[in-house]
Amino acid sequence: MLSPFLQCCRNILFFPLTSRGRGCCARADCFTFWDLVLCSHIKRFKPSNEDIISAVRNQMLTLYKLLMEKVVTPENNECQRKKTSVYFSCGFYKVTLSNPVEKVAYLIIFHILFVLFVWTYWKSIFTLPVQPGKKYHMSYADKERYENEERPEVQRQILAEMARKLPVYTRTGNGGIRFCDRCQLIKPDRCHHCSVCAICVLKMDHHCPWVNNCIGFSNYKFFLLFLAYSLLYCLYIAATVFKYFIKYWTGELTNGRSKFHVLFLLFVAIMFFVSLMFLFGYHCWLVSRNRSTLEAFSAPVFQNGPDKNGFNLGFVKNLQQVFGEEKKLWLLPVASSQGDGHFFPMRALCEAQNPLLANEEQWEDDGIDEEPHDSGEASSLAIERET
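Being a predicted model, the structure only gives us computed values, none of them experimental.

Q: Sorry, what's going on with the overall build of the protein chain here?
A: Tallying secondary structure elements over the protein chain gives 12 helices and 12 strands in all. Evaluated residue by residue, the protein chain yields a buried proportion of 48% over its 387 residues. Counting only contacts in the protein chain whose residues sit at least 6 apart along the sequence, the fraction spanning at least 24 positions is 63%. Surface exposure of the protein chain reaches about 20000 Å², of which carbon and sulfur atoms provide 58%.

See below:
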């Protein structure tokens with residue numbers, strides 16, 4: 001027979017998930033949350049959003065049940081006669097609070113964090129990554145010319161003609177046009193091809209297996225809020241459980257079995273809190289510098305060479321670019337980011353070479369006649385192929 005501690009470990013970490021008859025789930029009657037995480041790294045199995053939601057939902061409900069039973073008054077008469085009571089139900093512990101004000105405070109604060117946590121996680125998963133617009137794709141005539149042409153210099157010329165009509169300023173490492181050979185398009189600034197989603201994503205940050213989605217321009221704000229509310233959620237659980245952890249170990253509460261459940265709940269909350277703290281802190285640093293995760297590892301290349309601070313406009317403007325100008329919407333998972341993800345203003349040092357800062361609206365679907373760079377540079381442009 002398993003000890004109470006091991007039973008609690010099994011209940012929380014290996015909460016069974018119902019099989020839906022797909023992928024690796026079809027090989028067993030049920031699978032666990034950690035099975036799903038492992039399978040998500042296997043190329044031949046990509047869990048659907050429904051599988052991810054089901055796994056995390058069951059994990060959240062387990063922790064929700066553990067914490068909420070602290071404020072639920074049990075119907076057991078013997079427990080009601082005690083000021084603070086502890087007993088087991090389906091492998092979980094219950095600690096009854098006698099102070100009504102404390103109960104209401106627990107419920108209100110917890111459910112506010114819980115709703116915001118679930119809301120931001122939902123938005124991170126189901127907000128689809130945005131792809132470049134039609135004007136960045138090759139026209140039928142250009143595509144036919146490009147594919148039928150065997151001379152590399154003529155192919156470079158075709159891409160250079162297309163790039164002159166678009167507000168693109170970043171280049172490849174050797175100064176070439178950033179062209180995606182798979183999607184057949186000129187990639188806008190800060191756009192990258194995701195090999196998992198098999199599409200080009202505007203302002204791509206990274207592909208996150210925990211939300212089974214590509215984090216980019218459309219959902220980066222939601223992802224940041226998800227990390228923030230997850231951090232507060234774990235911190236709140238750890239703070240409310242810590243009092244009972246002290247009471248058990250000081251002998252104020254004598255039930256020896258339930259202390260393992262309290263210990264494990266505290267351990268899980270602190271473990272995730274520490275992990276999320278480093279991840280959230282790293283992304284806060286990225287936002288303050290106006291960089292994506294990809295740009296932090298490889299600085300964007302401009303006409304004058306690579307510049308890791310090429311999009312850094314200052315702390316306040318960097319925040320506004322992600323969260324928007326309306327501060328009342330900053331903490332809510334609603335779309336408020338500036339722009340449409342196709343072009344971004346650059347720092348003041350590049351203003352002379354960047355007509356985009358002067359007037360964003362000049363870039364229409366039909367393009368403009370003025371070249372953003374010298375004609376001599378166009379002849380040396382190379383092609384960036386995604387492999």
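Q: Could you clarify how one ought to interpret the side chain of Thr127 in this entry?
A: Among the secondary structure elements, Thr127 is positioned in the loop between helix 5 (100-126) and helix 6 (140-148). By relative accessible area, Thr127 is classed as buried at 15%. Of the polar contacts made by the side chain of Thr127, one reaches the backbone oxygen of Lys123; its length is 2.6 Å. When near neighbours in sequence (up to four residues on either side) are disregarded, Thr127 contacts Asn213, Ser218, Asn219 and Phe222.

Q: Teacher, can you tell me more about the packing of aromatic side chains here?
A: Aromatic ring pairs: the centre-centre distance and the angle between the two ring planes describe each pair. Inspection of the entire model under this criterion finds 16 aromatic pairs. Measuring from ring centre to ring centre gives 5.0 Å for Phe117 and Tyr233, while their planes differ by 5°; the resulting arrangement is stacked. Taken together, the residues span a long stretch of sequence, with Phe117 in helix 5 and Tyr233 in helix 8 (residues 220-250) at a distance of 116 residues. As far as the burial class goes, Phe117 and Tyr233 line up, both buried. Ring centres 6.3 Å apart and planes at 45° place the aromatic pair Phe264 and Phe267 in the tilted group. Taken as a pair, Phe264 and Phe267 lie in helix 9 (residues 258-289) at a separation of three residues, close to a single helical turn. Overall, Phe267 belongs to the partly exposed group, its relative accessible area being 48%. Taken together through their ring pairs, the aromatic side chains of Phe110, Phe114, Phe117, Tyr121, Phe226, Tyr233 and Tyr236 make up a single cluster. Above the face of the Phe311 ring, Arg190 is positioned so that its terminal group lies 4.4 Å from the ring centre. Across the ring face of Phe344, the terminal group of Arg190 is positioned such that the distance to the ring centre comes to 5.0 Å.

Q: Would you mind showing me how to read the packing of helix 6 against helix 7 (residues 152-164) here?
A: The description of two packed helices rests on the angle between their axes and on the distance between the axes. Two numbers describe how helix 6 lies on helix 7: the axes approach to 9 Å, and their chain directions differ by 160°. Classified by the angle between their axes, helix 6 and helix 7 sit roughly antiparallel to one another. When you trace helix 6 past helix 7, the crossing you get is left-handed. Contacts between helix 6 and helix 7 involve Asp142, Arg145 and Tyr146 from the former and Gln155, Ile158, Leu159, Glu161 and Met162 from the latter.

Q: Would you mind going over the environment of Leu128 with me for this structure?
A: Within the secondary structure, Leu128 is located in the loop between helix 5 and helix 6. Once the C-alpha coordinates of Leu128 and Phe217 are considered, the two residues, 89 residues apart in sequence, prove to be 9.9 Å apart.

Q: Just to check I follow, could you spell out the pattern of salt bridges for this structure?
A: If the charged atoms of two oppositely charged side chains come close together, the side chains can form a pair. Scanning the model with the defined rule gives six salt bridges in all. The salt bridge partner of Glu161 is Arg145, with a shortest N-O separation of 3.9 Å. Note that Glu161 is positioned in helix 7 and Arg145 in helix 6, a separation of 16 residues in sequence. When its relative accessible area of 30% is taken as the criterion, Glu161 is described as partly exposed. On the accessibility criterion, Arg145 (41% relative accessible area) is partly exposed. In this structure, the salt-bridge partner of Arg151 is Glu149, at a minimum N-O distance of 2.8 Å. For Glu149, a relative accessible area of 18% corresponds to the buried category.

Q: Please clarify how empty space enclosed by the protein should be interpreted in this entry.
A: With the rule as written, the count across this model stands at two cavities of 30 Å³ or more. Of the voids in this model, the largest cavity is the one considered here, and its volume is about 70 Å³. Lining the largest cavity are Lys203, Asp205, Gly216, Phe217, Tyr220, Leu286, Val287, Asn290, Arg291, Ser292 and Val322. Looking at the lining of the largest cavity residue by residue, the classes come out as five nonpolar, three polar and three charged. The calculated volume of the second largest cavity comes to roughly 50 Å³.

Q: Sorry if this is basic, but what is going on with the packing of helix 5 against helix 8 here?
A: Interhelical geometry of helix 5 versus helix 8 gives an angle of 150° and a closest axis separation of 8 Å. Considered as vectors, helix 5 and helix 8 are oriented roughly antiparallel to each other. For the crossing formed where helix 5 meets helix 8, the hand is left-handed.

Conventions adopted
- Numbering of residues starts from 1 in each chain and follows the order in which that chain's sequence is written.
- Whole-chain, interface and lining totals are the exception, using all residues; otherwise, since this is a predicted model, local features are given only for residues with pLDDT of at least 70 and side-chain atom pairs are given and counted only at 80 or more.
- Computation of side-chain values covers all heavy atoms of the structure but excludes hydrogens and water.
- Only DSSP runs of H or I covering at least 4 residues are called helices, and only runs of E covering at least 2 are called strands; the numbering of each starts at the N terminus.
- Exposure is judged per residue with a 1.4 Å probe applied to protein chains only, and the accessible area is read against the type maximum: over 50% gives exposed, under 20% gives buried, and values in between give partly exposed.
- Any pair of residues with heavy atoms lying within 4.5 Å of one another is described as a contacting pair.
- Surface accessibility follows the Shrake-Rupley procedure with a 1.4 Å probe radius. Residue values consider only the protein chains on display as shielding.
- Polar contact is defined as a pair of N or O atoms within 3.5 Å, subject to the rule that within protein one atom must be able to donate a hydrogen and the other to accept it, and that residues adjacent in sequence are counted only when both atoms are side-chain atoms.
- Note on aromatic contacts: the rings of Phe and Tyr and the six-membered ring of Trp form a pair at centre separations within 6.5 Å, being stacked when their planes are under 30 degrees apart, edge-to-face when over 60 apart, and tilted otherwise.
- Any Lys NZ or Arg CZ found within 6 Å of a ring centre and within 35 degrees of that ring's normal is scored as a charge over the ring.
- Axis lines are fitted through C-alpha atoms, for helices just across the contact stretch, and the angle between N-to-C directions can take any value from 0 to 180 degrees.
- Should an angle fall under 35 degrees it is called roughly parallel, over 145 degrees roughly antiparallel, and 65 to 115 degrees roughly perpendicular, with every other angle called oblique.
- Put simply, a crossing is left-handed when the front helix is turned counterclockwise from the back one by less than a right angle, and right-handed when it is turned clockwise.
- The term salt bridge refers to a side-chain nitrogen of Lys or Arg lying within 4 Å of a carboxyl oxygen of Asp or Glu.
- Using only the protein atoms, space was sampled on a 1 Å grid; points where a 1.4 Å probe fits but cannot get out form cavities, open sets with protein on both sides within 12 Å along at least five of seven lines form pockets, and lining residues are those with an atom within 4 Å of a point.
- Grid points are joined across faces, edges and corners, and a volume is the space filled by probe spheres set on the points.
- Polar here means any residue outside two lists: the nonpolar Ala, Val, Leu, Ile, Met, Phe, Trp, Tyr, Cys and Pro, and the charged Asp, Glu, Lys and Arg; Gly therefore counts as polar.

These results come straight from atomic positions and should not be treated as a statement about function.
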